[in-house]
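# Tertiary structure, described
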Amino acid sequence: MSSYVGVLVSDPWLQSQFTQVELRTLKSKFNSTKTRFGRVTVKHLPPVFAKLKDFKRTFDENKIKTILDESYPNRSEEVEFETFLRAFLSVQSRGSKGASSFLKTGTTTFHHAINESEKASYVSHINNYLRDDPLLKSYLPINPTTNALFDLVKDGVLLCKLINVAVPGTIDERAMNMKKELNPWERTENLSLCLNSAKAIGCTVVNIGTQDIAEGTPHLVLGLIFQIIKIQLLADLNLKKTPQLVELVEANQDVEELMGLAPEKLLLKWMNFHLKKAGYEKQVTNFSSDVKDGEAYTYLLNALAPEHSTHVTLEMKDPSERAKKVLEQAEKLDCKRFLSPNDIVEGSANLNLAFVAQLFHQRNGLSDESPKMPVSVPEKIVTDDDEETCREERCFRLWINSLGAVTYVDNVFEDVRNGWILLEVLDKVSPGSVNWKHANKPPIKMPFKKVENCNQVIKIGKELKFSLVNVDGHDIVQGNKKLLLAFLWQLMRHTMLQILNNLRSHWQGEDITEADILNWANRKVKKTGRTSQAVSFKDKNLSNGIFFLELLSAVEPRVVNWSLVSKGETEEEKNLNATYIISVARKLGCSIFLLPEDIIEVNQKMLLILAASIMNWSLQKQSDTESTVSDDTDVSSVTEEISNLSTDDGSSDV
């Protein structure tokens, strides 16, 4: 039903040669190539294969071309996905050992060892936070010594509940399928809701699909659970939630640098702040090797809880004994154990991070008084940024991270200023557009190198027909927020329209426009016999949510429970409808990052993306079932297009 359902291949033998993660990786490469060229031919394969990790050290592009010429002499021949896979295997079989690490040999299927200590810790966290949940309490507590966790996650309910613990209100539980016995469609919907919501809170789920969770694939399940727990534990690691963190700003440091730090980096900075005051001479740079001997923890706990401090711990020679004493001391601060003494000694990065985050949560050791802001601290830290700006930054940040680019973005306004991340995103959405020979990889010390990257970003943007009048690389380097948001909006819009144009066979070969999306949505709703119609994506009547609920019901009639829908006449009713819309769309399989406020306030940009995502799902569903619905293919009546969004939508602000 959704893009997260496993990639299926008609030939059982061919299917058996790959894991789902591997199939999705190759499917992504295939789709990217098709997006760029309109179709995939044999001549496109060598440059695509040459960039894959499996071939980088074995074959160059010319060697791959030579191998493929033997089996596929017609270089203009169009290639379907299964042929793409066979060609991949053909090249792979010519490796130095005649075999592949990519195939499902013993090293692939059983390659991922499970850390039992991590599993026990995550199970303990789940038992603690969900033990009173009415729906789950009959299944909890989970026994960490068994594989019960991997069975319990298969219907998606536990993971959805865990996401709401991490970021309350993310999922409208009214949209969840919570019957005792769920059919396969209902389970898939729950898992789609879970994965799309996980992306919407900042999890990276590029190589995780509904089928992986439905199969209870241990390493993928544990990886997802850790990401959700980490987001919960680090939620207060920012100046808005904990303004006292401004104490960490050093005399020669700009507070903007502190704001731009990833939560994990900020946690390390907090830890080192207290260690320095406690007289610890080393710098902790990670949650693994630097804390293995337990000394840093001893100093940290002595600084945070002097009433429980003891020098006996430091005098211990055995790291295991010291680690044991550290955890005993931490328990006096009501820190539930995320790790064992052995986890400290072995340097378990995930569990040590969770332990330090819990220490911060229980006792951060910062001033209880309202912090005195340095002169350099902008007004925006004391009073929030413009709400819409914050929401758009969040949306674009989550969208960028969902693309699976190499560099994770924690703060759009800070992280993109060297141009590198924008180049990575451009290479994802428009493969081959970036000249990497002229790109400068971080860390970049020389300002002109950053400008070079950003100039290339602007150049590619203009090639993609973005509105970039009187804009150059310096504007990005300087962190012009208005410009960055406008550029990212155009990039996001371009990507969505590009995805829809991949399905242009439904549209008689014509490029899909914003007007087409609006007209498609109106026709869909009208065909069901309902009367709601949208004049534009700025139509204030959209704020009650009824039109989008009718659109969702039109593309999948059973997905909306109308007994839960209000008229949207009050602010409370509008909020309930908006929250329900977002969860229902994610349940279908739409990857969206808007908030209820975007619907209530009729944010034109976000509503366009919402409608386009629903349209994409609907057309993809038709494509997958190899059927054509007349109202989706008839675009002859679409004669009026929206050439550009108006100035207030941001695209012409550049």
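Residue indices follow the written sequence of each chain, beginning from 1 at its first position. Side-chain atom pairs in this predicted model are given and counted only at pLDDT of 80 or more, local residue features only at pLDDT of at least 70, and totals for whole chains, interfaces and linings cover all residues. Side-chain metrics rest on all non-hydrogen atoms present in the structure, leaving aside hydrogens and water.

In the annotation of an unreviewed UniProt entry, the entry for the chain reads Fimbrin-4, and the organism field reads Camelina sativa. UniProt positions are given in the numbering used here, feature names are shortened, and annotations may be inferred rather than shown by experiment. Of the comments in the UniProt record for the chain, the one headed Subunit (unreviewed entry) reads "Interacts with F-actin." A UniProt comment under Subcellular location (unreviewed entry) is attached to the chain, and it reads "Cytoplasm, Cytoskeleton".

With that out of the way, let us pick up the environment of Val-409. Every helix listed is a DSSP run of H or I at least four residues long, and every strand listed is a run of E at least two residues long, numbered separately from the N terminus. Residue placement: Val-409 occurs in the loop between helix H22 (387–402) and helix H23 (412–415). For each residue, the accessible area found with a 1.4 Å probe, counting protein chains only, is set against the maximum for its type, and the residue is called buried under 20%, exposed over 50%, and partly exposed in between. Relative accessible area serves as the criterion here: at 1%, Val-409 is assigned to the buried category. In sequence terms Val-409 and Ala-262 are 147 residues apart; their C-alpha atoms lie 8.3 Å from each other. Not counting residues up to four positions away in its chain, the partners in contact with Val-409 are Arg-397, Ile-400, Asn-401, Asp-415 and Ile-421. The criterion used for residue contact is that any of the two residues' heavy atoms lie within 4.5 Å.

Between Lys or Arg on one side and Asp or Glu on the other, a salt bridge is scored when a side-chain nitrogen of the former is within 4 Å of a carboxyl oxygen of the latter. This model, assessed by the stated rule, comprises 26 salt bridges. Across the pair Lys-161 and Glu-173 runs a salt bridge, and its minimum N-O distance is 2.9 Å. Of the two residues, Lys-161 sits in helix H10 (residues 157–166) while Glu-173 sits in the loop between H10 and helix H11 (184–200), which places them 12 residues apart along the sequence. A relative accessible area of 27% places Glu-173 in the partly exposed class. A salt bridge links Arg-391 to Glu-601; the shortest N-O distance between them is 2.8 Å. Residue Arg-391 is found in helix H22, and its partner Glu-601 is found in the loop between helix H31 (596–600) and helix H32 (604–624); the two are separated by 210 residues along the sequence. The class for Arg-391 is buried, based on a relative accessible area of 8%. Look at Glu-601 and you get partly exposed, because its relative accessible area is 43%. One salt-bridge network, in which partners are shared between bridges, spans Glu-189, Glu-556, Arg-558 and Lys-621.

In contact at an axis separation of 10 Å, helix H29 (residues 546–555) and helix H30 (residues 571–588) are set at 25° when each is read in the N-to-C sense. Looking at the two axes, H29 sits roughly parallel to H30. Along this stretch, H29 crosses H30, giving a crossing that reads as left-handed. Along the contact surface, H29 presents Ile-546, Phe-548, Leu-549, Leu-552 and Val-555, while H30 presents Asn-577, Tyr-580, Ile-581, Val-584, Ala-585 and Leu-588. Classification convention: Asp, Glu, Lys, Arg as charged; Ala, Val, Leu, Ile, Met, Phe, Trp, Tyr, Cys, Pro as nonpolar; all other residues, Gly among them, as polar. Here the residues of the contact of H29 with H30 are counted per class, giving 10 nonpolar, one polar and no charged. Every axis in this analysis is a line fitted to C-alpha atoms, fitted for helices over the stretch in contact. Angles between the N-to-C directions lie between 0 and 180 degrees. For this classification, under 35 degrees means roughly parallel, over 145 means roughly antiparallel, 65 to 115 means roughly perpendicular, and everything else is oblique. Here a crossing is called left-handed whenever its near helix is offset anticlockwise from the far helix by less than a right angle, and right-handed whenever the offset is clockwise.

For the rest of this paragraph, the subject is the confidence of the model for the chain. Of the residues in the chain, 86% have a pLDDT of 70 or more, and the chain-wide mean is 85. In the model, residues 1–5 has pLDDT below 50 throughout and makes 21 contacts with residues more than four positions away in sequence or in other chains. Within a predicted model, pLDDT stands for the predictor's per-residue confidence, ranging from 0 to 100. Confidence drops under a pLDDT of 50 for residues 378–384, and excluding neighbours within four residues, the segment shows 12 contacts in the predicted structure.

The pairing test for Phe, Tyr and Trp rings, Trp by its six-membered ring, is centres within 6.5 Å, and the orientation test on the planes gives stacked under 30 degrees, edge-to-face over 60, and tilted for anything in between. Across all of its chains, the model carries 12 aromatic pairs by this definition. With 5.2 Å between their ring centres and 65° between their planes, Phe-49 and Phe-84 make a pair best called edge-to-face. Taken as a pair, Phe-49 in helix H3 (residues 45–50) and Phe-84 in helix H6 (residues 81–92) lie far apart in primary sequence, 35 residues in all. Each member of the pair Phe-49 and Phe-84 is classed as buried.

Before going further, it helps to spend a moment on the side chain of Asn-603. Position of Asn-603 relative to the elements: it lies in the loop between H31 and H32. With a relative accessible area of 6%, Asn-603 lands in the buried category. Side-chain atoms alone can form a polar contact between residues adjacent in sequence; in general such a contact is a pair of N or O atoms within 3.5 Å, and within protein one must be able to donate a hydrogen while the other accepts it. Within the structure, Asn-603 has its side chain in polar contact with the backbone nitrogen of Lys-605 (distance 3.2 Å).

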